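Here are the chains, one letter per residue:
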Amino acid sequence: MAEATDLPSNGSDPRTIGPVYEKLPLLRTDSGAVDLRRAAVDASCWSRRRLAILVGGAVSFLCLSILVITFAGSDVWGVANLDRRKNVGVSSESGTKEASSMTPAFLSSEPASGLRDLLHGEETSKGGKGHDKKPKKGKTKGHHRGQKLHAKGHGKKAAKAAAKAKEQTKAARAAAAAKAKEEYDEAAEAATRAKKEADAAKEAMEAKEKSEAAKAAAEATEKSEAPKPAADATDKVEAAKAAGRLKAAEQATTALHQASAAGDTGNAMAGSENGIHQRLTEDPFTNASTTETIVTSTVTTTSLGPFECKSDLEFPLLLQPDRKGMALDDTTMSGCPGLINVKWPNTQTNITSIRLFKAWDKGWDTNLSRHHIWAKLREFTYRNNAKILYGTMISCDEKQDDEDWEMVKDLMKFIGRDHVMGLSIGNEIELLHFKKDTPKDCAVRIWRDGYFMRKVMSRSKDLGAMPGFEGIYLTTAMGGYVLTPLPKDNPGPFINIDEASVLTFLKQVIGAFGQRWVFTWNIYPYFDPNLVMDGNAEHTCNQALAAAVNFAPGSAGPLMLKVLRQRIQQLTGRGDDVMWVGETGWSSPRADTLTTNVGNNCGKPWNAIEVFQIYYQNFLEWDMIMFDKTTKGVDHAFFFSFRDSINFGDHEYFGLESDCNALKCKIQQE
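Note that this is a predicted model, so its numbers are computed, not measured.

Cut-offs and rules
Residues numbered from 1 in each chain as written. Predicted model: local features only at pLDDT ≥ 70, side-chain atom pairs only at ≥ 80, totals over all residues. Heavy atoms only, no water. Salt bridge = Lys/Arg side-chain N within 4 Å of Asp/Glu carboxyl O. Helix = DSSP H or I, 4+ residues; strand = E, 2+ residues; numbered from the N terminus. Buried < 20%, exposed > 50% of the residue type's maximum accessible area, 1.4 Å probe, protein only. 1 Å grid on protein atoms, 1.4 Å probe; cavity = no way out; pocket = protein on both sides within 12 Å on 5 of 7 lines; lining within 4 Å. Points joined across faces, edges and corners; volume = space filled by probe spheres on them. Nonpolar A, V, L, I, M, F, W, Y, C, P; charged D, E, K, R; others polar. Core = buried A, V, L, I, M, F, W, Y, C linked by side-chain atoms within 4.5 Å. Contact = heavy atoms within 4.5 Å. Pairing = 2+ DSSP bridges. Axes fitted to C-alpha atoms, helices over the stretch in contact; angles between N-to-C directions.

**Q** Hey, could you go over the pattern of salt bridges for me, with residue numbers and the actual values?
**A** Enumeration over the complete set of coordinates arrives at 17 salt bridges. For Lys 362, the salt bridge is made with Glu 403, and the minimal N-O distance between the two is 3.8 Å. Taken as a pair, Lys 362 in the loop between strand 6 (353-356) and helix 8 (370-384) and Glu 403 in helix 9 (residues 398-415) lie far apart in primary sequence, 41 residues in all. Here the residues in one salt-bridge network are Glu 398, Asp 402, Lys 455 and Arg 459, joined through shared partners.

Spelled out as structure tokens, the structure:
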């Protein structure tokens, strides 16, 4: 057996023999000597190996446990408050706990704090013992691993939170869109219901009106007597034909040509030499299928939609149609408002303005309701986009005047501001004292005592209180009587007597309204007392006819308008004041009110239908010039009227149609 030798003690061997082993002797047995120092060293090495193995296993187990807890117990960390990391160490009274000795949250009495501190590599608080000791090598690695695992856990959590927020936003947008669509659908459904209800109400109203009209027609038919000719118009026409009406027309035509050759008149006949033949604005509407029953005191007539009287004769020329209109007579207004011509009779041009004398009259002999009449007037106005010159009365009865004005205001509001041309207050009031039923003191009270002017101011004030109606044109219509020569001691451009103080009145309104006030004149050469017979043995009236029916400068009508323009300029000092013709026309057959020299002596030629035709056609072709282009012409002119009418009990035949029964125009080819 080889002898045992001492092991080196330089510490180069991992099993270095310490001083405590150097004193151990060799132990000899039967089997041989045993070196107790070598055995001690071997034993010591084995103990160290075993300790290292145990420590390594413990460390491995601990690391494995940390990994398991990191991936399986991440929810526990997420719940804990990270700010509690400052509570890792205990107070200085109990010493310091190392981070490696802390238990995981689910094993510790302080939930999650130990494990969080292990992952974050927190040291003990600086107030405890050993706070400045250098951390062990193993702790530094654990610290970095904990940081990485923590960051990874929070990254996953942030991703999950972002995904969840995105889903919530998407869900919220979808809910908002669904709600908006639901509200839109509800609004659309409500609008549809409202429209259906409005249509149903309209149909019910129309059905009610038709029912009432039919009922009234039936009652009127049962109560009325057999239809009578309207004012014997047919008999008078036939009598005129039998008496040589054609000859009268030939005389009038010859006189017109003679006057034209002499330079006294301009173009007066149809088919004038200028050769202008054109159709103006076509009516865009066609006859509607709806029907209206028109009831008068004696007859029942049915109209078909927009009305046009029928004729086999058409006039191709209408000049200045936007400055010309028709006066609406009481016969049409009260008896057949649904039969207002949409076009100028015997033309293809729409009527775009009408003059209305009154809104309603309790004395009208009609079975039609006020609302029905107004509805038909509004229908015409809207269809033709027409404007209305409204009229309100001035009389000896103030209560009646005020009631009439209330009706006019209601009608103006009913039709609307856009269709208002102006307001005429009174009509030919200067002639009131000539009426057989008018007391003299009434005319004096109206003019000299200022009743007329007070009512004008009152009507203007009322218009100012109606939104949109303030500032509309104001006027009153007067006739040629205002040019009556004045007394030498009271000179002036217009008559100024107690019963007709026209001059004083006009000065007052010009002072109050300026150029808002319009000068309106009713011009009727048919009634002109200055026209006389020719003075020959044949007792003809050719010169008078030529002057009366013509609209050329120098003829009766334009000459009178020129004088009126000059008188206005004397009053206001201006040459551009607005001037309208409120009425003009011709009667055929003879009017009961015709009393002039030429009217009584000229006989049938003066009232022939051919003369009536010439006057109307010349009005259509009138260029609105009064004398020459240096003098301002007429701004607007109204022709009187749609149908024949009654004037204070007297029959007049100025209508382009005879009555509500007539579907044909008065002027025909044959």
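**Q** Run through unusual backbone geometry, naming residues and quoting values.
**A** Most of the time, phi is negative for any residue but glycine, and the peptide bond is trans. Put simply, Ser 588 and Pro 589 share a cis peptide bond, and its omega is 0°. For Pro 589, the location among the structural elements is in the loop between strand 13 (579-583) and helix 15 (597-602). With an omega of 5°, the peptide bond between Phe 640 and Ser 641 qualifies as cis. One can find Ser 641 in the loop between strand 14 (636-639) and strand 15 (645-647). For Asn 346, which is not glycine, the phi torsion reads 70° and is therefore positive. With respect to the helices, strands and loops of the structure, Asn 346 is situated in the loop between helix 7 (330-335) and strand 6. Exposure remark for Asn 346: the relative accessible area of 6% places this residue in the buried category.

**Q** So what's going on with empty space enclosed by the protein? Which residues, and what values?
**A** Empty space among the atoms becomes visible once a probe the size of a water molecule is rolled across them. Using the criterion set out here, one finds three cavities of 30 Å³ or more in the structure. In this structure, the largest cavity occupies an estimated 70 Å³ of space. The residue inventory of the lining of the largest cavity, partitioned by class, reads eight nonpolar, three polar and no charged.

**Q** Summarise the nonpolar core; cite the residues concerned and give the values.
**A** Core analysis: the largest hydrophobic core is formed by 107 residues, its most contacted members being Phe 494 and Trp 606. Of all the elements, helix 16 (residues 609-621) adds the most residues to this core, at eight residues. If we ignore the near neighbours within four places in the chain, the residues touching Trp 606 are Pro 525, Tyr 526, Leu 531, Ala 544, Leu 545, Ala 548, Trp 586, Leu 594, Val 598, Gly 599 and Val 611.

**Q** Could you give an account of the sheet that holds strand 9 (residues 474-478), with specific residues and numbers?
**A** Pairing in this closed barrel of eight strands is parallel, and the strands run 5-6-7-8-9-12-13-14 around the ring. With direction set aside, neighbouring strand axes in the sheet form an average angle of 25°. As defined by bridge partners, strand 5 (residues 324-328) adjoins strand 6 across three bridges and the pair is classed as parallel. The residue of strand 6 that forms the bridge with Ala 327 is Arg 355. The strands touched by helix 8 are strand 5, strand 6 and strand 7 (387-392); relative to strand 6, the strand with the most contacts, the crossing angle is about 155°. Sheet strands in contact with helix 12 (residues 502-513) are strand 9 and strand 12 (517-522), and its direction is about 145° off that of strand 12.

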